[in-house]
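# Breakdown of the fold
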Amino acid sequence: DQQVKQNSPSLSVQEGRISILNCDYTNSMFDYFLWYKKYPAEGPTFLISISSIKDKNEDGRFTVFLNKSAKHLSLHIVPSQPGDSAVYFCAASGFGNEKLTFGTGTRLTIIP
Amino acid sequence: DAGITQSPRHKVTETGTPVTLRCHQTENHRYMYWYRQDPGHGLRLIHYSYGVKDTDKGEVSDGYSVSRSKTEDFLLTLESATSSQTSVYFCAISERASGSYEQYFGPGTRLTVT
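Definitions and cut-offs
- Residues numbered from 1 in each chain as written.
- Chains lettered and ligands numbered in written order.
- Predicted model: local features only at pLDDT ≥ 70, side-chain atom pairs only at ≥ 80, totals over all residues.
- Heavy atoms only, no water.
- Salt bridge = Lys/Arg side-chain N within 4 Å of Asp/Glu carboxyl O.
- Buried < 20%, exposed > 50% of the residue type's maximum accessible area, 1.4 Å probe, protein only.
- Pairing = 2+ DSSP bridges.
- Helix = DSSP H or I, 4+ residues; strand = E, 2+ residues; numbered from the N terminus.
- Polar contact = N/O pair within 3.5 Å; in protein donor to acceptor, adjacent residues only side chain to side chain.
- Contact = heavy atoms within 4.5 Å.

### Here we look at the pattern of salt bridges
With the rule as written, the count across this model stands at 7 salt bridges over all chains. Two residues, B:Arg36 and B:Asp38, come together in a salt bridge whose shortest N-O distance is 2.7 Å. For B:Asp38, a relative accessible area of 11% gives the class buried. With a shortest N-O distance of 2.9 Å, B:Arg44 and B:Asp38 are connected by a salt bridge. Here B:Arg44 matches B:Asp38 in class, with each residue buried. Linked by salt bridges that have partners in common, A:Lys37, A:Arg61 and A:Asp84 make up one network.

Here is the structure:
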């Protein structure tokens, strides 16, 4: 049972435009959400997170939105740059739970 | 960058042989994790540790065992490797302090079982 779902395996965006990556979850006990970025032959790196008490968190070009009623979160990257080309994973955790549950990832390609 | 190293970085082994992967951290973080990454599956938790000698199973633990005798080292052992264990293995660490859920990953080990 996939509790965290990234339904788009891939996404292509023109450089300078907005990239929107989506993630859905089914477990209502999740209350903390994270996005990771992964380049080939490297480990995932933490990008940005959001607690369920918020509906938006920004860090530079990256903004994460959380819609708890829809059990949906999205990552916006504005403006998109070639270095943003990578695989993006969303992950979720519940209060007091030391484990993360990851989605299957979305490969983002920024077209120059 | 978090001080996490994994060894070896690449390994090719034959079916039925035992394999041990090592994760070493210099951050003194309490929690350590082993994941495998496979196409179409994302990152799946194999085992994790919440302290020296304290470990627990993840969602794909069959065929794997772990040990943590020191805070800085977390070993993953495949007792008898199978082709289905061909994968990229990542170690991660976490402190879980002040409500932080972030985990920090090592560079990965690519394991091929022939």
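What follows picks up the thread again.
### Details of the sheet that holds strand β7 (residues 62–67) of chain A
Residue and element names in this part refer to chain A. If you trace the 5 strands from one edge of the open sheet to the other, you get β1-β3-β8-β7-β6, paired in antiparallel fashion. Of all the strands in the sheet, just β1 (4–5) and β6 (56–59) have a single pairing partner and so form its edges. Examined bridge by bridge, strand β3 (residues 19–25) and strand β8 (residues 72–77) share 6 bridges and lie antiparallel to one another. Each bridged residue has a counterpart across the sheet, and for Ser-19 the counterpart in β8 is Ile-77.

### Thoughts on the side chain of B:His47
Residues and elements named next belong to chain B. With respect to the element layout, His-47 can be found in strand β5 (residues 42–51). Among the polar contacts made by the side chain of His-47, one reaches the main-chain carbonyl oxygen of Tyr-64 at a distance of 3.1 Å. Apart from residues no more than four positions distant in its own chain, His-47 is found in contact with Tyr-33, Trp-34, Asp-56, Lys-57, Gly-58, Ser-61, Tyr-64, Ser-65, Val-66 and Phe-74.

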